[in-house]
Amino acid sequence: CIGTGNGTDAIWITLKNLGIGPGDEVITAANTFIATSESISMVGATPVFADVDPYFTLDPVDLEKKITKKTRAVIAVHLFGQMADMEKISQICKDHDLLLIEDAAQAHLSRYKNHFPGHWGEAATYSFYPAKNLGAYGDGGCIVTNSEELDRKIRIYCNHGSPEKHLHVTEGINSRLDALQAAVLSVKLKHLESWNKQRIVAAAKYRELLSGIPQIQLPLLRPDSEHTYHLYVIAAEQRNKLQAFLKSKDIDTGIHYPVALPFMPCYTHLGYKPTDVPNSFQLQDKILSLPIFPEIISDQVFFVADTIRGFYLNY
Ligand SMILES: *Cc1c(COP(=O)(O)O)cnc(C)c1O
């Protein structure tokens, strides 16, 4: 585990040290935070967007369709706290000789088939931005890998290419996990598992209270996996009206993300059409992130669920 300045650095530093650069294509999910694709551009490669599956993560079927002769790597994103279909994705990467990186910024201690992020890929990257399940008091990030060679390269790269004082074997950069943030994180790390459990309890309560409302779809759980509910995202009919109604009752919600990356102004030059990533496109108008955090109490979950139920009864 190598500390970095933030979660975005963690991704592009990994790509860079895996030898990804100009002329290469890297495939990632159309619905993710822009840090994932920015990192691809940062090393001079081209981001290619594949669609998401009903679990909101990289769809293995569409991933395979988007592979070209230039594809060198895949970044699977464990979005909202649930891991992508790593068994299928890693098999596809093996079959096509592609490097696999896991963006685990939203998946601290999430599991798939009893493995944490980093098991299937060359490396997994984390963010410790304050809002994440494990957050510092400012920016921070890290890279985990099972490869000793990659570990050594990255460690040197992040510290000015310097394996020892006054020796620079390569030109590197300064991206270190700040010592004060590390101190905060080492205290908070001890609580991460119990905080995740509290999120899981709140999510189970939402599931119980919101089931049977035909206008909303609850988060789909991948078999054999542990969702850590960085976000509790439903797909809702009349999403904007529901969001405004909740706001009128002092319930704040979010949308992650209102515009899928291929349709952002910064990527119009890539020329994506809605039919290239149909699920991601349709989700833009449906997804809604309900309040979830370790300290949420069941009365609050009840109030949110009751308000949603009331909205659809009277609509
Ligand atoms: C937060 C986040 C990042 C980037 O993390 P920073 O620490 O803010 O740079 C990367 N990917 C995803 C999916 C994220 O949610």
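To be clear, the structure that these remarks concern was listed above.
Remember, predicted model here, so these are calculated numbers, not experimental data.

Q: Please provide a residue-by-residue account of the packing of helix α7 (residues 239-248) against helix α9 (residues 298-314), values included.
A: Orientation of α7 relative to α9, taken along the N-to-C sense of each, is 130°, at an axis distance of 10 Å. With respect to α9, the element α7 is oriented oblique. Viewed along their axes, α7 and α9 form a crossing whose handedness is right-handed. Residue-level inspection shows Lys 241, Leu 242, Phe 245 and Leu 246 of α7 in contact with α9, the latter providing Val 304, Thr 307, Ile 308, Phe 311 and Tyr 312. Broken down by class, the residue content of the contact of α7 with α9 amounts to 7 nonpolar, 1 polar and 1 charged.

Q: Which residues make up the packing of helix α1 (residues 7-17) against helix α2 (residues 34-42), and what values do they have?
A: What describes two packed helices is the angle between their axes and the distance between those same axes. Two elements in contact, α1 and α2, have axes whose closest approach is 8 Å; the angle formed by their N-to-C orientations is 40°. For the element pair α1 / α2, the angle class is oblique. For the crossing formed where α1 meets α2, the hand is right-handed. In this structure, α1 uses Thr 8, Ile 11, Trp 12 and Leu 15 to contact α2, whose residues at the interface are Ala 35, Thr 36, Glu 38, Ser 39, Ile 40 and Met 42. A per-class count over the contact of α1 with α2 returns 6 nonpolar, 3 polar and 1 charged.

Q: Could you give me a rundown of the pairing of strand β8 (residues 141-145), with the residues and numbers involved?
A: Burial analysis of β8 places 5 of its 5 residues in the buried class, the great majority of the element. The alternating pattern of β8 places Gly 141, Ile 143 and Thr 145 on one face and Cys 142 and Val 144 on the opposite face, and all of these are buried. Looking at chain direction, strand β1 (residues 2-4) and β8 are connected through 3 bridges and run antiparallel. Across the sheet, Gly 3 pairs through a bridge with Cys 142, a residue of β8. When strand β7 (residues 123-127) meets β8, the two strands line up antiparallel, connected through 5 bridges. In the sheet register, Tyr 126 faces β8, and the bridge partner there is Cys 142.

Q: For the pairing of strand β4 (residues 71-77), give the residues involved together with the corresponding values.
A: The element β4 is extensively covered by neighbouring structure, given that 6 of its 7 residues are classed as buried. For strand β2 (residues 25-29) and β4, the ladder comprises 4 bridges, and the chain directions are parallel. By the bridge assignment, Glu 25 is partnered in β4 with Thr 71. Sheet analysis places β4 next to strand β5 (residues 99-103), joined by 5 bridges and oriented parallel. In the sheet register, Ala 73 faces β5, and the bridge partner there is Leu 99. On the question of chirality, the crossover connecting β4 to the parallel β5 by way of helix α4 (residues 86-95) is right-handed.

Q: How would you summarise the nonpolar core if you had to cite specific residues and measurements?
A: Membership of the largest hydrophobic core comes to 61 residues, with the highest contact counts inside it found for Val 74, Ile 89, Leu 210, Ile 216, Tyr 232 and Ile 308. Broken down by element, this core gets its largest block of residues, 6 residues, from α9. Setting aside its immediate chain neighbours within four residues, Ile 216 contacts Leu 210, Ile 234, Ala 235, Ala 236, Ile 308 and Tyr 312. Core analysis: the second largest hydrophobic core is formed by 22 residues, Ile 2, Ala 10, Trp 12 and Ile 101 among them.

Q: Break down the pattern of salt bridges for me, citing the residues and quoting the values.
A: A complete count under the given rule lists 11 salt bridges for this structure. With a closest N to O distance of 3.1 Å, Asp 24 and Arg 72 form a salt bridge. Here the residue Asp 24 occupies a position in the loop between α1 and β2, and Arg 72 occupies one in strand β4, the gap between them amounting to 48 residues. Relative accessible area serves as the criterion here: at 31%, Arg 72 is assigned to the partly exposed category. Here the residues in one salt-bridge network are Glu 87, Lys 113 and Asp 224, joined through shared partners.

Q: Give me the site of the ligand: which residues, what numbers.
A: Near the ligand you find 15 residues, and of these Gly 7, Thr 8, Asp 103, Ser 127 and Lys 132 are the closest. The side chain of Gln 106 places a nitrogen or oxygen atom 2.8 Å from an oxygen atom of the ligand. Ser 127 places a polar side-chain atom, nitrogen or oxygen, 2.6 Å from an oxygen atom of the ligand. Surface burial for the ligand is 93%, taken as the share of its 380 Å² of free accessible area covered by protein chains. The element that contributes the greatest number of residues to the shell around the ligand is α1, accounting for 3 residues. When grouped by side-chain class, the residues that make up the shell around the ligand number 5 nonpolar, 8 polar and 2 charged.

Q: Can you tell me about unusual backbone geometry, naming the residues and giving the values?
A: Omega for the peptide link from His 256 to Tyr 257 comes to 15°, which places this bond in the cis form. Located in the positive-phi region is Asp 97, a residue other than glycine, with phi close to 60°. Even without a glycine there, the phi angle at Gln 238 is positive, about 55°. Tracing the backbone through its elements, the reader meets Gln 238 in the loop between β11 (232-236) and α7. By relative accessible area, Gln 238 is classed as partly exposed at 36%.

Cut-offs and rules
Residues numbered from 1 in each chain as written. Predicted model: local features only at pLDDT ≥ 70, side-chain atom pairs only at ≥ 80, totals over all residues. Heavy atoms only, no water. Axes fitted to C-alpha atoms, helices over the stretch in contact; angles between N-to-C directions. Helix = DSSP H or I, 4+ residues; strand = E, 2+ residues; numbered from the N terminus. Parallel < 35°, antiparallel > 145°, perpendicular 65-115°, else oblique. Left-handed = near helix turned anticlockwise from the far one by under 90°. Contact = heavy atoms within 4.5 Å. Nonpolar A, V, L, I, M, F, W, Y, C, P; charged D, E, K, R; others polar. Buried < 20%, exposed > 50% of the residue type's maximum accessible area, 1.4 Å probe, protein only. Pairing = 2+ DSSP bridges. Right-handed = clockwise from strand over helix to strand, strands pointing away. Core = buried A, V, L, I, M, F, W, Y, C linked by side-chain atoms within 4.5 Å. Salt bridge = Lys/Arg side-chain N within 4 Å of Asp/Glu carboxyl O. Near = heavy atom within 4 Å. Polar contact = N/O pair within 3.5 Å; in protein donor to acceptor, adjacent residues only side chain to side chain. Areas by Shrake-Rupley, 256 points an atom, 1.4 Å probe, with all protein chains shown as cover.

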